[in-house]
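Coordinate analysis (summary)
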There are 2 protein chains.
Amino acid sequence: MSAADYPLALNTGTTPTLDLRTACEATAAAGLTHIGPWRHLLDGAGGADAAAKIIAESGLKASTLCRGGFLTAAEPSAQAAALESNRAAIVEAATLGTDSLIMVVGGLPAAAHVLGGDGDRTDKDIAAARHRVADRLAELVPFAQEHGVKLVLEPLHPMYAVDRAVLSTLGQALDLAAPHPTDAVAVVVDTFHVFWDPAVLEQIARAGREGRIASYQVCDFNLPIAQDALKSRGMMGDGYVDFASLSAAVAQAGYTGPVEVEIFNEEINAQDAALTLETMKQRYTDLVLPHLA
Amino acid sequence: MSAADYPLALNTGTTPTLDLRTACEATAAAGLTHIGPWRHLLDGAGGADAAAKIIAESGLKASTLCRGGFLTAAEPSAQAAALESNRAAIVEAATLGTDSLIMVVGGLPAAAHVLGGDGDRTDKDIAAARHRVADRLAELVPFAQEHGVKLVLEPLHPMYAVDRAVLSTLGQALDLAAPHPTDAVAVVVDTFHVFWDPAVLEQIARAGREGRIASYQVCDFNLPIAQDALKSRGMMGDGYVDFASLSAAVAQAGYTGPVEVEIFNEEINAQDAALTLETMKQRYTDLVLPHLA
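As annotated in an unreviewed UniProt entry, chain A carries the name Sugar phosphate isomerase/epimerase and is attributed to Zhihengliuella flava.

What follows is the structure, encoded as structure tokens:
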């Protein structure tokens, strides 16, 4: 491990009240070098070019762009719209200078209304939804390669299989990536989403062998599950994730890139960003970094 | 399929306000032939012998007994207590005349306090907890065999991996069962817990080939996740489970036994049991049974 390995990165989902410039300034002030913005912050900053300038002026690099995906629609018009949105996200990632576009693949058409979308409320065929993800991914790969951007598949915790991602395990993500070049499709290991998986350590090793790990995201799994289940993510150390075994496996698999902290949590999201960043740094130093070394 | 195949069964978790006699009477009145009681109803009835008499007098058979398990403790005294409790449950199952003791294997010691128990709040090593489950299971197998009772492993949805069951997939349950005879260790397929699993259809087929399916439990997966996450289970048809593919796979795997409905859901649990039973029967006839035939 060199001194430049495993830089800590703020994912802006952790500080949702900040605009891009404020988030960048807070990140730089905390001594961090990387930030992973969500797309809506680019819009707020006046577009990807302006956002790239803000990030550079803060002395930061973009670790990832969150997020593309939502590829499960069965309707041709909705499929076309999803492809268009993802192509725009690919261009934005390239403009920011990151090669990693995080992909949340989408849930069942039957549950589309949960996120405010359309969809056939009777379509509960999860296997068919997974096939459509594979089809849309194949359609996006050439465009992603042209722009030097990887589609970074994020397996989500199975509690989100219905409404957010029919991609539920790292093994499934690697199977989905397998037909495509490693510079076009990769995976992110997010501790919250994968810690429970009995196969997680062997699949992290496989992801390393297959050259597919594009990002490592850390946060904890809290109990009880929050009323908005998405907000059950916690600061490292506050929940039940064993960061030692997962981090050691990620390091052993050869990953040396940024480690992003992405926490959706009502209390943390509302508190002062400087406090969040200080706590993040301390917990990262205490609980994660020793196992990456 | 013969006329006696796939009898519908009430799991008493669906009607938690009823004592055993009332639950049996309601079940028989609805024309059902099987009931799956929880252990605390046996205590309320004056013990397993008295409970067996109540079930028989109602003209019913016990489909399963819920539940044994909670085998993850690291402390020797807690391990001894767990073995003692499970031996008592095995005897109770045999007394009721069912060969199926459903096993919820328990969560992390770090989360034991969530269910009111003791445990080392720093012990988040899920792999070690899984090893202890395997060890305790091996210790229980001879006693279970002597009593003609199967330890029926229930993989729980990964959202309960921390507090209720480190056993999260059907494949993992079958691996855990593999060293033991099929008359001692089996699995239950519960639609709520397994529908999201990308490997579920192949693992149901494997469970059939390996002679391990002891029970099929059906209920739906509702959104949003309930404030008490345990109560996110729904009446078939109200949520997002595709009962067609799962039921067809269970039938193809050779299972012909009772189909239990176990629903923890605030609204359903509070409503009149006769209404619940009528709805259950209708939904079973419409959504499940056609795919078992």
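**Things to note about the interface of chain A and chain B**
Reports of interface size often rely on the accessible area that becomes lost once the parts have come together. Each partner contributes residues to the interface: chain A has 32 residues there, and chain B has 32 residues. The junction of chain A with chain B conceals about 2,500 Å² of combined surface from both sides, 68% of it contributed by carbon and sulfur atoms. When the buried area of chain A at its contact with chain B is split by residue, Lys124, Trp196 and Tyr240 of chain A rank highest and sum to 26% of it. The interface formed by chain A and chain B includes zero salt bridges. At the boundary of chain A with chain B, the tally comes to eight residue pairs in polar contact (both at pLDDT 80 or more). Tallied by class, residues from the side of chain A that touches chain B come to 18 nonpolar, eight polar and six charged.

**Overview of the side chain of Gln79 of chain A**
Residues and elements named next belong to chain A. Checked against the element boundaries, Gln79 lands in helix H4 (residues 76-96). Polar contacts involving the side chain of Gln79 include one to the main-chain carbonyl oxygen of Ala73, which spans 2.8 Å. Contact partners of Gln79, with chain neighbours within four places excluded, come to Ala73, Ala74, Arg132 and Arg136.

**Here's the deal with the sheet that holds strand S2 (residues 34-36) of chain A**
Residues and elements named next belong to chain A. Strand order in the open sheet made by the nine strands is S3-S2-S1-S11-S8-S7-S6-S5-S4, with parallel pairing throughout. One side of each edge strand has no neighbouring strand; the edge strands of this open sheet are strand S3 (61-62) and strand S4 (65-69). The pairing of strand S7 (residues 185-190) with strand S8 (residues 213-218) spans four bridges and is parallel. Counted as the bridge partner of Val189 is Tyr216 from S8. Set on the sheet, H4 makes contact with S3, S4, strand S5 (100-104) and strand S6 (150-153); between it and S4 the angle comes to about 160°. Against the sheet, helix H6 (residues 170-177) makes contact with S6 and S7, and its axis sits at roughly 170° relative to S7, the strand it touches most.

**Points about helix H1 (residues 20-29) of chain A**
Residue and element names in this part refer to chain A. All of the buried residues along H1 are Leu20, Ala23, Cys24 and Thr27. The arc that holds the buried residues of H1, viewed along the axis, is 100°, so those residues lie on one side. Along its buried surface, H1 packs onto strand S1 (8-11), S2, helix H2 (39-44), helix H3 (48-57) and helix H11 (273-292). Two residues or fewer past H1, Gly31 is found with a positive phi of approximately 85°.

**Brief notes about the pattern of salt bridges**
All names here are of chain B. Evaluation of the coordinates by the stated rule reveals 24 salt bridges over all chains. Of the charged contacts, one joins Arg21 and Glu57 as a salt bridge, the two residues approaching to 3.4 Å between their closest N and O atoms. Placement of Arg21 in helix H1 (residues 20-29) and of Glu57 in helix H3 (residues 48-57) is noted, with a sequence separation of 36 residues between them. Note that Arg39 and Glu92 form a salt bridge whose closest N and O atoms lie 2.9 Å from each other. Taken together, the residues Arg39 in helix H2 (residues 39-44) and Glu92 in helix H4 (residues 76-96) connect sequence positions 53 residues apart.

**Some points on the pairing of S5 of chain A**
Residue and element names in this part refer to chain A. Counting buried positions along S5 gives five out of five residues, so the element sits mostly inside the fold. Of the two faces of S5, the one carrying Ser100, Ile102 and Val104 and the one carrying Leu101 and Met103 are both buried. The pairing of S4 with S5 spans four bridges and is parallel. Of the residues in S5, the one forming a bridge with Cys66 is Ile102. The parallel pair S4 and S5 is bridged by H4, and the resulting crossover is right-handed.

**Concerning the relation of the copies chain A and chain B**
When chain A is fitted to chain B, the residual RMSD is 0.0 Å, and the transformation amounts to a turn of 180° plus an axial shift of 0.0 Å. Taken together, the rotation and translation relating the two chain copies correspond to the operation of a two-fold axis. A symmetric contact is evident, with 100% of the interface residues of chain A recurring at the interface of chain B.

**Section: the environment of Asp238 of chain B**
All names here are of chain B. By the element assignment, Asp238 lies in the loop between strand S10 (233-234) and helix H9 (243-252). A relative accessible area of 46% places Asp238 in the partly exposed class. Between the C-alpha atom of Asp238 and that of Phe221, which follows or precedes it by 17 residues, the distance is 8.0 Å. Within the structure, Asp238 has its side chain in polar contact with the side chain of Arg283 (distance 2.9 Å).

**Concerning the nonpolar core**
Membership of the largest hydrophobic core comes to 193 residues, with the highest contact counts inside it found for Leu153, Ile204 and Tyr216 of chain A together with Leu153, Ile204 and Tyr216 of chain B. Here the element with the most residues in this core is helix H5 (residues 126-146) of chain B; it accounts for eight residues. The contact partners of Tyr216 of chain A, leaving out residues within four places of it in the chain, are Val189, Thr191, Phe243, Leu246, Ser247, Val250, Tyr255, Pro258, Val259, Glu260, Val288 and Leu292 of chain A.

**Let's talk about the packing of helix H6 (residues 170-177) of chain B against helix H8 (residues 200-209) of chain B**
Residue and element names in this part refer to chain B. Interhelical geometry of H6 versus H8 gives an angle of 25° and a closest axis separation of 9 Å. With respect to H8, the axis of H6 lies roughly parallel. Once H6 is placed against H8, the crossing between them reads as left-handed. On H8, the residues that touch Leu170, Gly171, Leu174 and Asp175 of H6 are Val200, Gln203, Ile204, Arg206 and Ala207.

**Some thoughts on the packing of aromatic side chains**
Here the structure, examined in full by the defined rule, presents nine aromatic pairs over all chains. Note on Phe192 of chain A and Phe221 of chain A: the rings are 5.0 Å apart at their centroids and 35° apart in plane angle, and the pair reads as tilted. Of this pair, Phe192 of chain A sits in helix H7 (residues 191-194) while Phe221 of chain A sits in strand S9 (residues 220-221), and the two are 29 residues apart along the sequence. For the pair Phe192 of chain A and Phe221 of chain A, a shared accessibility class is recorded, and that class is buried. Seen from their ring centres, Trp38 of chain B and Phe264 of chain B are 5.9 Å apart, and the 80° between their planes marks the pair as edge-to-face. In this pair, Trp38 of chain B is assigned in the loop between strand S2 (34-36) and H2 and Phe264 of chain B in the loop between strand S11 (259-261) and helix H10 (266-270), connecting sequence segments 226 residues apart. Here Trp38 of chain B falls in the buried class, since its relative accessible area comes to 15%. Through a chain of ring-to-ring contacts, three or more aromatic side chains come together here, namely Tyr160, Phe192, Phe195 and Phe221 of chain A.

Basis of the calculations
Residues numbered from 1 in each chain as written. Chains lettered and ligands numbered in written order. Predicted model: local features only at pLDDT ≥ 70, side-chain atom pairs only at ≥ 80, totals over all residues. Heavy atoms only, no water. Contact = heavy atoms within 4.5 Å. Buried area = accessible area lost by both parts, 1.4 Å probe. Salt bridge = Lys/Arg side-chain N within 4 Å of Asp/Glu carboxyl O. Polar contact = N/O pair within 3.5 Å; in protein donor to acceptor, adjacent residues only side chain to side chain. Nonpolar A, V, L, I, M, F, W, Y, C, P; charged D, E, K, R; others polar. Helix = DSSP H or I, 4+ residues; strand = E, 2+ residues; numbered from the N terminus. Pairing = 2+ DSSP bridges. Axes fitted to C-alpha atoms, helices over the stretch in contact; angles between N-to-C directions. Buried < 20%, exposed > 50% of the residue type's maximum accessible area, 1.4 Å probe, protein only. Arc of directions from axis to C-beta. Right-handed = clockwise from strand over helix to strand, strands pointing away. Least-squares fit on C-alpha atoms with pLDDT ≥ 70 in both. Core = buried A, V, L, I, M, F, W, Y, C linked by side-chain atoms within 4.5 Å. Parallel < 35°, antiparallel > 145°, perpendicular 65-115°, else oblique. Left-handed = near helix turned anticlockwise from the far one by under 90°. Phe/Tyr/Trp six-rings, centres within 6.5 Å; stacked < 30°, edge-to-face > 60°.

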